[in-house]
Amino acid sequence: MEGKKTREEVEKSGMIDTWMRKHRLIYSGATKHPFILSIRDGTVDLEAFKTWLGQDYIFVRAFAPFVASVLIKAWKESDDSSDMEVILSGMASLNDEIAWFKSEAAKWGVQLSEVVPQKANQDYCRFLESLMSPDVEYTVAITAFWAIEAVYQASFALCLEDGSKTPAELTETCRRWGNDGFGQYCNSLQKIANRRLGKTPDDVLTKAEVTLLRVLEHEVEFWNMSHGSA
Ligand SMILES: Cc1ncc(CN)c(N)n1
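Residues numbered from 1 in each chain as written. Predicted model: local features only at pLDDT ≥ 70, side-chain atom pairs only at ≥ 80, totals over all residues. Heavy atoms only, no water.

## Points about the nonpolar core
Turning to step 1, where the next piece is worked out: W52, F66 and F145 are the most contacted members of the largest nonpolar core, which totals 76 residues.
Turning to step 2, where the next piece is worked out: The element best represented in this core is helix α5 (residues 46-77), accounting for 15 residues.
Turning to step 3, where the next piece is worked out: With residues near it in sequence (within four places) discarded, F145 still touches F63, F66, V67, V70, I87, Y185 and L189. (Core = buried A, V, L, I, M, F, W, Y, C linked by side-chain atoms within 4.5 Å. Buried < 20%, exposed > 50% of the residue type's maximum accessible area, 1.4 Å probe, protein only. Helix = DSSP H or I, 4+ residues; strand = E, 2+ residues; numbered from the N terminus. Contact = heavy atoms within 4.5 Å.)

So this is what it looks like as C-alpha cells:
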C-alpha cells in the first residue's frame, strides 16, 4: 500500500500532478463538463454555444490584465528569467484570441457589445481581479494561470480525440485550445508552477492549493452558464 508521501517525494514528481490526483473529481468536473461532452458527442445546442462565445469574450478581456499582473510578478519575483517569455507568449496568444472572438461572433450573429456578463462570469472576473493584487504571491498567481489555461486545453482536446463527433463548425474553436502547441504552452506553465511550488513555504503552498480549487470551481460554474445550471 502507498503511504503518505514526504514533501521531498512530492516535489520530485511535481506538486501539480499530486494535486490533480488528490482533486481529480473536481478537475474532471471542470474538464469533462456536460457542455464539453455535448460538443464532443455532437448534441450541443448551438444557442448554448453562442452563450459561451459571448460570455467567454468578456472573460478573456478580464483575463488579459490578470496575465499582465502575472508578468509583473514574474519580473519582480521570479528566480528564472525565462518565465517571462512563456507568460509573454500567453499574452500574445490572448491578442489573437480577442481578434478570433470578434470574427467568430460575427459569423454566429452574436453582438458582443450587447452581451451582458452573467453572475458566474462576474464572480470569476472578480476572483481574477483579487489575484492581481500585489499581495498575491507569484507562485499562487502562476498556479492559477496554469489551471485556467489547462482546463481549456484538456476540455477542448477531448473534443478532438478519435471517435468524437464534434460538429464541423465547432472544430476550429476546439483546435484553438486543444492543439498541441497550446498543450506545450500549458506544459511550460505547469513546469514553472511546479518549480515554484517545490520551493515555497507551507503557508503559500496552502494558498496555491486553495486558489487552484477556486479556479476549478469557477470553471465549472462558467460552463454551467451554457449548460445545465439552474
Ligand atoms: C473561462 C475560461 N477559462 C479559460 C480560458 C482560456 N484562456 C478561457 N478563454 N475562458
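## Things to note about the site of the ligand
Turning to step 1, where the next piece is worked out: All residues adjacent to the ligand are D56, F59, V60, F63, E97, Y124, I148, E149, Y152, W177, E219 and F222.
Turning to step 2, where the next piece is worked out: Contacts to the ligand include D56, whose side-chain N or O atom sits 2.6 Å from a nitrogen atom.
Turning to step 3, where the next piece is worked out: In this structure, E219 approaches the ligand through a side-chain N or O atom, which is 2.8 Å from a nitrogen atom.
Turning to step 4, where the next piece is worked out: Here the ligand loses 100% of its free accessible area of 290 Å² to cover by the protein chains.
Turning to step 5, where the next piece is worked out: Among the cavities detected, the one that contains the ligand is the largest cavity.
Turning to step 6, where the next piece is worked out: For the shell around the ligand, the secondary structure elements donating two or more residues are α5, α8 (138-158) and α11 (202-224).
Turning to step 7, where the next piece is worked out: Ranked by the residues each element gives to the shell around the ligand, the list is headed by α5, at four residues.
Turning to step 8, where the next piece is worked out: Classifying every residue of the shell around the ligand gives eight nonpolar, no polar and four charged. (Near = heavy atom within 4 Å. Polar contact = N/O pair within 3.5 Å; in protein donor to acceptor, adjacent residues only side chain to side chain. Areas by Shrake-Rupley, 256 points an atom, 1.4 Å probe, with all protein chains shown as cover. 1 Å grid on protein atoms, 1.4 Å probe; cavity = no way out; pocket = protein on both sides within 12 Å on 5 of 7 lines; lining within 4 Å. Sits in = over half its atoms within 2 Å of the grid points. Nonpolar A, V, L, I, M, F, W, Y, C, P; charged D, E, K, R; others polar.)

## A short note on the packing of helix α3 (residues 24-31) against α11
Turning to step 1, where the next piece is worked out: Across the interface, α3 lies against α11 with an axial gap of 8 Å and an inter-helix angle of 35°. The handedness of the crossing between α3 and α11 comes out as left-handed. Taken together, the residues of α11 that come into contact with α3 (itself represented by I26, Y27, G29 and A30) are L213, L216, E217, E219, V220 and W223.
Turning to step 2, where the next piece is worked out: Split by residue class, the contact of α3 with α11 holds seven nonpolar, one polar and two charged. (Axes fitted to C-alpha atoms, helices over the stretch in contact; angles between N-to-C directions. Left-handed = near helix turned anticlockwise from the far one by under 90°.)

## What about the pattern of salt bridges?
Turning to step 1, where the next piece is worked out: Evaluated as defined, the whole model comprises 14 salt bridges.
Turning to step 2, where the next piece is worked out: D79 serves as the salt-bridge partner of R195, at 3.0 Å between the closest nitrogen and oxygen. A residue pair is termed long-range when its members are at least 10 positions apart, and R195 in helix α10 (residues 180-197) and D79 in the loop between α5 and α6 (83-108) qualify at 116 residues.
Turning to step 3, where the next piece is worked out: Between R195 and D83 there is a salt bridge, and its shortest N-O distance comes to 2.8 Å. Of the two residues, R195 sits in helix α10 while D83 sits in helix α6, which places them 112 residues apart along the sequence.
Turning to step 4, where the next piece is worked out: Look at R195 and you get partly exposed, because its relative accessible area is 23%.
Turning to step 5, where the next piece is worked out: Among the charged side chains, a salt-bridge network with shared partners connects D79, D80, D83, R195, R196 and K199. (Salt bridge = Lys/Arg side-chain N within 4 Å of Asp/Glu carboxyl O.)

## Side note on the state of the cysteines
Covalently bonding the sulfur atom of one cysteine to the sulfur atom of another cysteine gives a disulfide.
Turning to step 1, where the next piece is worked out: One pass over the full model with this rule turns up zero disulfides.
Turning to step 2, where the next piece is worked out: No disulfide involves C159; its sulfur sits 4.3 Å from that of C174, the nearest cysteine.
Turning to step 3, where the next piece is worked out: Residue class for C159 comes out buried when judged on its relative accessible area of 1%.
Turning to step 4, where the next piece is worked out: Overall, the relative accessible area of 0% leaves C174 in the buried class. (Disulfide = S-S within 2.5 Å.)

## Structural notes on the environment of Y57
Turning to step 1, where the next piece is worked out: Relative to the elements of secondary structure, Y57 occurs in helix α5.
Turning to step 2, where the next piece is worked out: Remark: the alpha-carbon pair of Y57 and V115, spanning 58 residues in sequence, is separated by 9.1 Å.
Turning to step 3, where the next piece is worked out: Residues within four places of Y57 in sequence aside, it is in contact with I98, F101, K102 and L112.
Turning to step 4, where the next piece is worked out: A polar contact of 2.9 Å, which involves the side chain of Y57, links it to the side chain of R61.

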